[in-house]
Amino acid sequence: MKIIVPATSANLGAGFDSIGIAVNLYLTVEILGISNSWYIEHDLGENIPTDERNLLLTTLTEVLSVKNVVLSEKYHLKMTSEIPLARGLGSSSSVIIAGIELANQLAQLNLTIDEKLELATQIEGHPDNVAPALLGNLVIATTSNHHTDAVCAEFPVCKLLAFVPNYELKTMDSRKVLPKQLSYKEAVSASSIANVLTANLLTGDLLSAGKIMERDRFHEPYRANLVPELDILRKIGRAYGAYGTYLSGAGPTIMMLCADKVLSVLTEQIHQDKQLTGQLYSLEIDKMGLKTEH
Ligand SMILES: Nc1ncnc2c1ncn2[C@@H]1O[C@H](COP(=O)(O)OP(=O)(O)OP(=O)(O)O)[C@@H](O)[C@H]1O
Ligand SMILES: N[C@@H](CCO)C(=O)O
């Protein structure tokens, strides 16, 4: 059995902790067989555990404990991932969704989509990465009192250019620079920007969505110092016709939305800029979310 989960890009500017999209880079977890102890074969580096300390198995254990189930066997697994770690493309959420599905399959829990989303949001803390990783496409979600409401919709047709800098930025560290509070006036203003962004996305107006996503008041102004590439790429995007540019998740990846016809000129400009060191991915929306193959 194989579990396949897409990468995700959260926030889209003002949709902080609420809006996310699934994109076509994938985490794959394969069950190779029963084993004397849990073992995850991978080539993701020595910082990623191969035993029960791995996020995949801590998630599995948490789900089994919530469901009060004990597995009689342990397994040898193979994990491969195209998703860069700690770069703002939902690597941790992909593992959490895979861990929930692994528990679901091995213990035959018959979890519903809503139950998977509830568990994933509780483990990750916010729904904007886990919801599109599970459902695919564009998801707008909110969590309160242990309940998540999520709306899945078609993302407008466009190209996605993800610039992934050569350094990690852990979500935990990127959240430390955020303010503890916003004034009432500031919160109303930030939320109205997010509302218009959502409306533009749902009506397929990418020109307007792209402009308003660059006016976020919730997180980008505070994180801009951590990711100097955001300003550079935003200037390139504006000069060469991108719809909009935003900090993907907690960063440091920067996502640019554009029409097919400007993709090559944007790519060329980014490659030519000597201040930018990192990898550029041309991505598509993943419309499926979590997939299990038997
Ligand atoms: N394949 C994996 N197996 C086990 N743990 C992983 C794996 N991928 C990521 N992680 C864990 O998740 C951490 C990265 O999570 P973090 O939330 O900081 O970034 P991200 O999920 O890549 O980005 P963002 O949440 O901003 O989109 C890694 O340092 C590692 O501990
Ligand atoms: N909304 C989250 C996404 C990363 O987990 C953040 O920006 O911190």
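Residue numbers here run from 1 along each chain, matching the order of that chain's written sequence. As they are written, the chains are lettered A onward and the ligands numbered 1 onward, keeping that order. The predicted nature of this model means local features are confined to residues of pLDDT at least 70 and side-chain atom pairs, given and counted, to a pLDDT of 80 or more, with totals for whole chains, interfaces and linings taken over all residues.

As recorded in an unreviewed UniProt entry, the protein goes by Homoserine kinase and comes from Lactococcus protaetiae. The Sequence similarities (unreviewed entry) comment attached to the protein in UniProt states, word for word, "Belongs to the GHMP kinase family. Homoserine kinase subfamily." In its Subcellular location (unreviewed entry) section, UniProt records this for the protein: "Cytoplasm". UniProt positions are given in the numbering used here, feature names are shortened, and annotations may be inferred rather than shown by experiment.

**So, unusual backbone geometry**
P252 follows G251 through a cis peptide bond whose omega is 5 degrees. For L12, which is not glycine, the phi dihedral falls at a positive 50 degrees. Only DSSP runs of H or I with at least four residues qualify as helices, and only runs of E with at least two residues qualify as strands; both kinds are numbered from the N terminus onward. As for its placement among the helices and strands, L12 is situated in the loop between β1 (2-10) and β2 (19-35). Partly exposed residues are those whose C-beta has more than 12 but fewer than 20 other C-beta atoms within 10 Å; with 20 or more the residue is buried, with 12 or fewer it is exposed, and the C-beta atoms are placed from the backbone. A count of 30 C-beta atoms within 10 Å places L12 in the buried class.

**Some words on the site of ligand 2**
Throughout this description, a residue near a molecule or strand is one whose C-beta atom, derived from the backbone, lies within 6 Å of it. Residues in contact with ligand 2 amount to 13 residues; listed here are only the nearest, A10, D17, T171, G249 and A250. Considering every element that reaches the shell around ligand 2, the biggest residue donor is helix α5 (residues 171-176), with three residues. For the domain bounds, the source is a domain assignment made automatically or taken from a database. Taken together, domain 1 (2-154 + 286-293) and domain 2 (159-283) each give at least three residues to the shell around ligand 2, which thus spans both.

**Considerations on the environment of I96**
As for its position among the elements, I96 is in helix α2 (residues 91-106). A residue is classified by how many C-beta atoms lie within 10 Å of it, and I96, with 29 of them, is buried. Between the C-alpha atom of I96 and that of A150, which follows or precedes it by 54 residues, the distance is 18 Å. With C-beta atoms placed from the backbone, a contact is any residue pair whose C-beta atoms sit within 7 Å. Apart from the residues within four sequence positions on either side, I96 is in contact with L55, T59, A120, I123, E124 and V130.

**Some points on the site of ligand 1**
In the region of ligand 1, 23 residues are neighbours, and S91, S92, T171, G249 and A250 sit closest. Of all the elements in the fold, those that place two or more residues in the shell around ligand 1 are α1 (55-66), β4 (74-81) and α2. Per-element accounting of the shell around ligand 1 gives the leading share, four residues, to α2. Classification used: nonpolar for Ala, Val, Leu, Ile, Met, Phe, Trp, Tyr, Cys and Pro, charged for Asp, Glu, Lys and Arg, polar for all others including Gly. Residue composition of the shell around ligand 1, by class: 11 nonpolar, 10 polar and two charged.

**Observations regarding the sheet that holds strand β8 (residues 244-247)**
A pair of strands is considered paired only if DSSP assigns at least 2 bridges between the two. Spatial strand order, β8-β9-β7-β10: four strands in an open sheet with antiparallel pairing. Edge positions in the sheet fall to β8 and β10 (278-283), since each has one partner strand and no second. Averaged over neighbouring strand pairs, the angle between their axes works out to 20 degrees when direction is ignored. Direction of pairing for strand β7 (residues 159-165) relative to β10: antiparallel, over a ladder of six bridges. Paired with L161 across the strands is S282, a residue of β10. Convention adopted: a line fitted to C-alpha atoms gives each axis, helices being fitted over their contacting stretch, and angles between N-to-C directions are expressed from 0 to 180 degrees. In the packing of helix α9 (residues 229-239) onto the sheet, contacts are made with β7, β8 and β9 (254-258), and the angle to β9 comes to roughly 10 degrees. Along the sheet, helix α10 (residues 260-272) contacts β7, β9 and β10; its crossing angle with β7, the most-contacted strand, is approximately 15 degrees.

**Some thoughts on the UniProt feature "domain: GHMP kinase C-terminal" (unreviewed entry) in the protein**
Feature annotation in UniProt places "domain: GHMP kinase C-terminal" (unreviewed entry) on residues 199-262, given in this structure's numbering. Annotated as 47% helix and 14% strand, the span residues 199-262 places its first and last C-alpha atoms 24 Å apart.

**Points about the domain arrangement of the protein**
Here the protein is described as being made up of domain 1 (2-154 + 286-293) and domain 2 (159-283). When each unit is reduced to the centre of its C-alpha atoms, the spacing between domain 1 and domain 2 is 24 Å. Taken together, the contacts link 23 residues of domain 1 with 31 residues of domain 2. Sorting the residues of the side of domain 1 that touches domain 2 by element identifies β1, β2 and β5 (138-144) as the ones contributing at least two each. By residue class, the composition of the side of domain 1 that touches domain 2 is 14 nonpolar, eight polar and one charged.

**Some words on the environment of A250**
Residue placement: A250 occurs in the loop between β8 and β9. Exposure remark for A250: the 25 C-beta atoms within 10 Å place this residue in the buried category. When the C-alpha positions of A250 and S9 are compared, they lie 9.3 Å apart, and in sequence the two are 241 residues distant. When sequence neighbours within four positions are dropped, the list of residues in contact with A250 reads G88, L169, T171, S174 and R175.

**Thoughts on the packing of α9 against α10**
Interhelical geometry of α9 versus α10 gives an angle of 145 degrees and a closest axis separation of 10 Å. The two elements α9 and α10 meet at a crossing, and its hand is right-handed. On α10, the residues touching L233, I236 and G237 of α9 are L266, Q269 and I270. Along the lines of polarity and charge, the residues of the contact of α9 with α10 split into four nonpolar, two polar and no charged. Each crossing gets its hand from how the near helix is turned against the far one by less than a right angle, where anticlockwise is left-handed and clockwise is right-handed.

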